Every structure is written in C-alpha cells, then in structure tokens.
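# Architecture at a glance
Chain residues, written in single-letter form:
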Amino acid sequence: MTEKTKIVAGKLVVPNYPVIPFIEGDGIGKDISSPSQRVIDAAVTKAYGDTKKITWKEVLAGEKAYHETGSYLPDETIEAFKEYLIGIKGPLQTPVGGGIRSLNVALRQTLDLYVCVRPVRWFKGVPSPIRYPSMVDMHIFRENTEDIYAGIEYMMGEDETKKFRDFLVNEMGVDKIRFPESSSFGVKPISKDGSERLTKAAIEYAIDRQLPSVTIVHKGNIMKFTEGAFKNWSYDLAENEFAEQTFTWRQYEALKEDKGELDANKALEAAKKAGKVIVKDSITDAFLQESLLHPWDHSVIATMNLNGDYVSDQLAAMVGGIGISPGANINYQSGYAIFEATHGTAPNIAGTGKANPGSLILSAVMMLEYMGWNDAAEHVYDAMEHVFAKRKVTSDLHAQMEGATLLTTSEFADAIIRNMH
Ligand code: NAD
C-alpha cells in the first residue's frame, strides 16, 4: 500500500501511505524517537482515520550505525533519504577522531539541503525571559551551504596558509592584514545563486502562509560584497520575481526620495492592505536587539549561515529554549527534506526519562505541514497548548515553572495524545 513521495512539475506529491525514513539518534535520541512517532501517528489517525498513515522506516546513522555496520553514515541511509525525499532525525553525536567532521553537515552537503528552517513560536505557560512572548511568531530561513561556514580555512603557519597569504599580498595587493605572519584565514563565499534560492524559498513561504513580512538580516554595512550583495540580490529577486506579491523597503525609500514621505507611506499602507509581503532588511546587531524588544515587527527572516546560527539560538531562547525548538533542512527544488530535533544528544540525561521530546515532535509537525497534512499538524499544536496550559512539563521546564507537574519523556507524549480533541 505504501508509495513514494515525488516531485512532479516542481510540486511535492505525497501519497496517503508514505514511507518516512528516520534516524533514531544518539543519546536522548533513543528516548524521544518512539514517543514522538506515537504522537504523530495519533494525530494522523485523529485527522484522517485510516485514509492516511505513515510507515516509519528506521535508517542508521551515528553510534548505532557504527556498531552495526562499521560506518557512522552508511550509504544506505543517504540512499533512503534520496529515495523517499522526506525524512526525520534525532540528534547525532559528533564522531570522535578522524573521518566525518559532522554527520549533520555531511547529510546537508550530500543532499544540498540549502535552507535551515526554524519556526519560533511561544506556547502559553512556557517560561520566557521576554515581556511579550505571545507576540513571537517568527520563521527563520538560514542559508545552509555557504558563508564563512563553508569550511575553507587555513591555519596559521601552514604551507598553504603562506601560499594563500602571499597570493593576497603579492597578486591582489592586499595591505590590510594586520599581522600577516601570524594570521589564520577563512573564506566567505556568498553567491547570487545561493542568495536567490534562499530568499525565494523565504518569500514563497511567507506568501503561502499569508505572513506579513520577510526581513533580510545582514551585515552589509561592513561586508559590502558578501552580506551587502546578499541584501541587494534578495531585493532584486523580490522586485523582479514577486513584483505582484511583494513591496520592498527599497521601493519605499525610492518613492520617498522621488515623491516624498506621504506618497511612500500611502504606497506602503496600500501594499499592506492588498496583503502584499513587505520585504525589508535589518543589520544583524540591530536585529538581535529589535527581535527582543519588538518581536511583532518580524515574521519570516532570511539570512546567511553565520547570522542564522546566532539568530536561531537567540530566538529559541525567547520561547523556552532548545528542548522545544524544531527545525528542518530543506532543498525546495529537489524536495529533499530532513526534519530534526535542534538540540544535541544530551548525554547527561540520556536514558533517565528527563528529555523533552518537544523539539522532535514539533519538527515532525513541520514535516506534516511540509507534506500538506495540516489538519494532523493542528491536532498536535492544539494538544501541546493544552498540556502546557495545564503546566504539565518535562524536567527542563519544570525547574522554571511554579506549581508544574513533572512528566517523563513518555508521559509527556501520552499527555499530548490524550489532549487531542
Ligand atoms: P546538547 O543540546 O546535547 O545539551 C545542552 C544542554 O541542554 C544539556 O544540559 C542537555 O541536558 C540539555 N538538553 C538538550 N536537549 C534537551 C532536551 N530535549 N530535553 C531536556 N534537556 C535537553 O548540547 P551539547 O552538550 O553541546 O552536545 C552533546 C552532543 O550532541 C555533541 O556530540 C554534539 O556534537 C551533539 N550535537 C548534535 C546536534 C544535532 O545532531 N543536530 C546538535 C547539537 C549538538
């Protein structure tokens, strides 16, 4: 009865009985994986009876893979993600010693999963360090393949580093390296293609979900040809490819210059009224402040790899931390998508029943949304809201909530299932 998910004419086609490969994960991965699947299965049944059902197919990675096959990331695992397009994973320990630097990075690179999506929303009752957590509804689109994270680095003193430095100094005439003899170097590639595909995905997401804005987050004031170019390419893309659906801050500024503030404001209001997505930009440091002080001003956030890393953790902390922050790595062109818990393997609590399965559950909910199974996704959101409102939580949140009831990993999953109405 099972069938394969496909991309047909650029659109994802999900069968009613898809196979979903999953990596259990190391450490608390073992604790959270099956409770999360129980929650998702219950929500799918609640929403669709037996007309839709996921078949979970375990694929190996990490410690378990190493013990069973001698490889941390067997080829069969990559093949399964390619074959079935959509998969999910628990956290993986970074292998100690040589070989693969990071299994997560290897998966992202092999499948060219160029967007890391992190939705950030608050559940009533969850402790938050900010004043208006209920006003947080942000969706981070972090570029996953470029930037200073591309791994092009040269260590001080090594031969190739000297070669690189000499090229910069002698061939390129660079005279701005403060300590040339004792410098290490990193290269920051930011491409037009990479910027455009990221921003396109962010704008389409905002349009699909009728979200009000996309904020381009960058340090283009300093790094003009990389981060500044990212900003300009993103604005160009919005104005050229989404002329009907967006209004950009750059268009606003041009109008202000040309016709005055009154007309520019009128155009902005008209665009908002017409339901257009407002595409604006913000310098990263200002954005980190802004998002704390006025979270309601930002909806979808499009940014590069390093900025995205910082932004993701700050926003996650604003709504309850990594135990309940979901994520996904997606290639919107090929359809490949791996949904994942954003936290690590938490070896300090593995096997104790203390792990919060929320991050993996919410990642699986993102997966349901990606599949178009929105009714099932809504069941989980609603039920989780009820459980948090009743102050029933796992140990990570229990310590911060007065009068809360402490649940184990499995009990928390059961509570969600019981609260699906
Ligand atoms: P970690 O996220 O595993 O733990 C940090 C802290 O958060 C710990 O105190 C832990 O107990 C707590 N925590 C994490 N997840 C939790 C949950 N679901 N419920 C309750 N508490 C939770 O980070 P770390 O200790 O820096 O990393 C441990 C290992 O995980 C390393 O090998 C690292 O490379 C790996 N890691 C993997 C991923 C991934 O697979 N996506 C991400 C981060 C780290």
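Residues numbered from 1 in each chain as written. Predicted model: local features only at pLDDT ≥ 70, side-chain atom pairs only at ≥ 80, totals over all residues. Heavy atoms only, no water.

### Some thoughts on the UniProt feature "binding site: Mg(2+)" (unreviewed entry) in the protein chain
- Taken from the UniProt record, the annotation "binding site: Mg(2+)" (unreviewed entry) applies to Asp 309.
- Owing to a relative accessible area of 25%, Asp 309 belongs among the partly exposed residues under this scheme.
- For Asp 309, the residues in contact, after removing those within four places along its chain, are Arg 142 and Tyr 149. (UniProt positions renumbered as here; feature names shortened; annotations may be inferred. Buried < 20%, exposed > 50% of the residue type's maximum accessible area, 1.4 Å probe, protein only. Contact = heavy atoms within 4.5 Å.)

### What to know about the domain arrangement of the protein chain
- Its domain assignment divides the protein chain into domain 1 (1–126 + 324–420), domain 2 (128–143 + 191–319) and domain 3 (153–186).
- Distance between the C-alpha centres of domain 1 and domain 2: 28 Å.
- Between domain 1 and domain 2, the contact holds 16 residues from the first and 20 residues from the second.
- Taking both partners together, domain 1 and domain 2 bury about 1700 Å²; carbon and sulfur atoms supply 55% of that area.
- It is Tyr 114, Val 120 and Trp 122 in domain 1 that bury the most area against domain 2; as a group they hold 39% of the surface buried on that side.
- At the boundary of domain 1 with domain 2, the tally comes to 2 salt bridges.
- Across the domain 1-domain 2 interface, the total number found is 6 residue pairs in polar contact (both at pLDDT 80 or more).
- At 7 residues, the largest contribution of residues to the side of domain 1 that touches domain 2 is made by strand β6 (residues 115–121). (Domains from an automatic or database assignment. Buried area = accessible area lost by both parts, 1.4 Å probe. Salt bridge = Lys/Arg side-chain N within 4 Å of Asp/Glu carboxyl O. Polar contact = N/O pair within 3.5 Å; in protein donor to acceptor, adjacent residues only side chain to side chain. Helix = DSSP H or I, 4+ residues; strand = E, 2+ residues; numbered from the N terminus.)

### Thoughts on the sheet that holds strand β4 (residues 55–58)
- Across the sheet, which stays open at both edges, the 11 strands sit in the order β4-β3-β5-β15-β14-β6-β7-β13-β10-β12-β11 with mixed pairing between neighbours. The sheet is open, and its two borders are formed by β4 and β11 (246–248), each paired with just one other strand. Between one strand and the next, the sheet's axes are offset by a mean angle of 25°, whatever the strand orientation.
- Here strand β3 (residues 19–23) pairs with β4 via 4 bridges, running parallel. In the sheet register, Pro 21 faces β4, and the bridge partner there is Lys 57.
- Running at roughly 55° to β11, helix α8 (residues 249–259) makes contact with β11 and β12 (277–283) of the sheet. (Pairing = 2+ DSSP bridges. Axes fitted to C-alpha atoms, helices over the stretch in contact; angles between N-to-C directions.)

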